Amino acid sequence: MKIFFYISNIGGGGAARVMTILANRFIKDENEVIFAVNFKAPNEYYLDSKVKRLFIEERESQENVIKKNLHRIITLRNMIKEACPNVVISFMQENDARAYIATRGLAVKLILSVRNDPKRKFIRFPIKQIAKYIYTHCDGVVFQTGEAKEWFHNIKGVAGIIYNPVDERFFRTERASITKNIVTTGKFLEQKNHMLLIKAFQLIADEVPDNLIIYGDGKLRKNYEEYIQESGLENRVYLPGYVVNVEEILASAKLFVMSSDYEGMPNSLMEAIAVGVPCISTDCPCGGPKELLCDELSDNLVPCNNDREFSAKMLKLLKNNNSALSVMEKQRAEEYRVENIYKQWQSLIEEIIC
């Protein structure tokens, strides 16, 4: 097959990580893979040298929204026409809209993917109406959860629910014999609600020796730093920034926590489960954590924006031996192996293009 991937950039974020993993796996089976981005970003995820790279812009455009999008759509269409792929796969809502317009009238199949909670991302008019149309009128659409799929009606193409693949290094990582601290990873955005986590930890800080470490960065860093200082938590809560050795950090962590208000299928939680770190998450829409922490693991879900229940759950897990929980998580994670997810994507693409 000849597969054309399209995303804004691969300098970070869960969607970019998933798309690069898929591209690398498809090229391994001697498919022809073209990978187009709007612009090159620093610290990009790895792409196999056999993958053909295309850049719509030399650097991120500063043009107004109309000019920028018109240029991106026209350039993307020309790239697709020249490449003549069997299928175009796009991630993220703005890119999906561009890809939909760019492929109109071309003899190519289009697969779009909803990567977050549609109830949060597609609220305003006319965004909601546009989303309802393009995702139900493309050749295929991939959802991450059943809850996200239910938001759309009368889907005309092939619709599938496919989880994110987790890199093999997380499965190979062994837990340290001595673990400590509560950790989480993610951008400092309102969606991630790290402030809830800080406040929940504040309620139990005097009862546990473990510290809270939040890896990541973003526009809310100053807010977090000010609250940490005002609360006297500067020696208990740390914000070290982004890291590349996530699996090593998870291996030595006593507890992984996620406090988001909404998520698609959160990569950070999946990676922690694959390593076997006891995990706690908010039971947030659009249902990703609930599908990951299901059955025996469902007790580790807490309501959104409830610092007291979050702190109580953290305290319980920090004081108990969680070896059995770690085993159950690693067994659950087998479903997220790259090979399993790759086969699901391969099957969906073949169904669409045949």
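Residues numbered from 1 in each chain as written. Predicted model: local features only at pLDDT ≥ 70, side-chain atom pairs only at ≥ 80, totals over all residues. Heavy atoms only, no water.

Trainee: Explanation requested: the sheet that holds strand β5 (residues 109-113) in the structure shown.
Mentor: Paired through backbone hydrogen bonds, the strands of a sheet run either parallel or antiparallel to each other. An order of β3-β2-β1-β4-β5-β6-β7 is seen for the seven strands of this open sheet, with the pairing classed as parallel. Only two strands of the sheet have a single partner each, and these edge strands are β3 (52-55) and β7 (158-161). Sheet twist, expressed as the average angle between the axes of neighbouring strands with direction ignored, equals 20°. Note that strand β2 (residues 32-37) and β3 share four bridges and pair parallel. Residue pairing for β3: V37 is matched across the bridge by F55. (Pairing = 2+ DSSP bridges. Helix = DSSP H or I, 4+ residues; strand = E, 2+ residues; numbered from the N terminus. Axes fitted to C-alpha atoms, helices over the stretch in contact; angles between N-to-C directions.)

Trainee: For this particular structure, what's the right way to read the layout of surface pockets?
Mentor: One simple way to see leftover space: roll a probe sized like a water molecule over the atoms. The calculated volume of the largest pocket comes to roughly 1700 Å³. Taken together, 50 residues line the largest pocket, and the ones lying closest to its centre are G12, G13, G14, Y45 and K187. Where the lining of the largest pocket is concerned, the elements lending two or more residues are α1 (14-28), α7 (168-172) and α11 (267-275). Of the residues forming the lining of the largest pocket, the biggest block, eight residues, is contributed by α1. Considering only residue class, the lining of the largest pocket consists of 19 nonpolar, 19 polar and 12 charged. Quantified by volume, the second largest pocket comes out at close to 710 Å³. Lining of the second largest pocket is provided by 26 residues; of these, Q93, E94, N95, A97 and R98 occupy positions nearest its centre. Sorting the residues of the lining of the second largest pocket by element identifies α2 (65-83), α3 (93-102), α4 (118-121) and α5 (127-137) as the ones contributing at least two each. With six residues, the top contributor of residues to the lining of the second largest pocket is α3. Of the residues in the lining of the second largest pocket, the class split is 12 nonpolar, six polar and eight charged. (1 Å grid on protein atoms, 1.4 Å probe; cavity = no way out; pocket = protein on both sides within 12 Å on 5 of 7 lines; lining within 4 Å. Points joined across faces, edges and corners; volume = space filled by probe spheres on them. Nonpolar A, V, L, I, M, F, W, Y, C, P; charged D, E, K, R; others polar.)

Read these as spatial facts, not as claims about activity.
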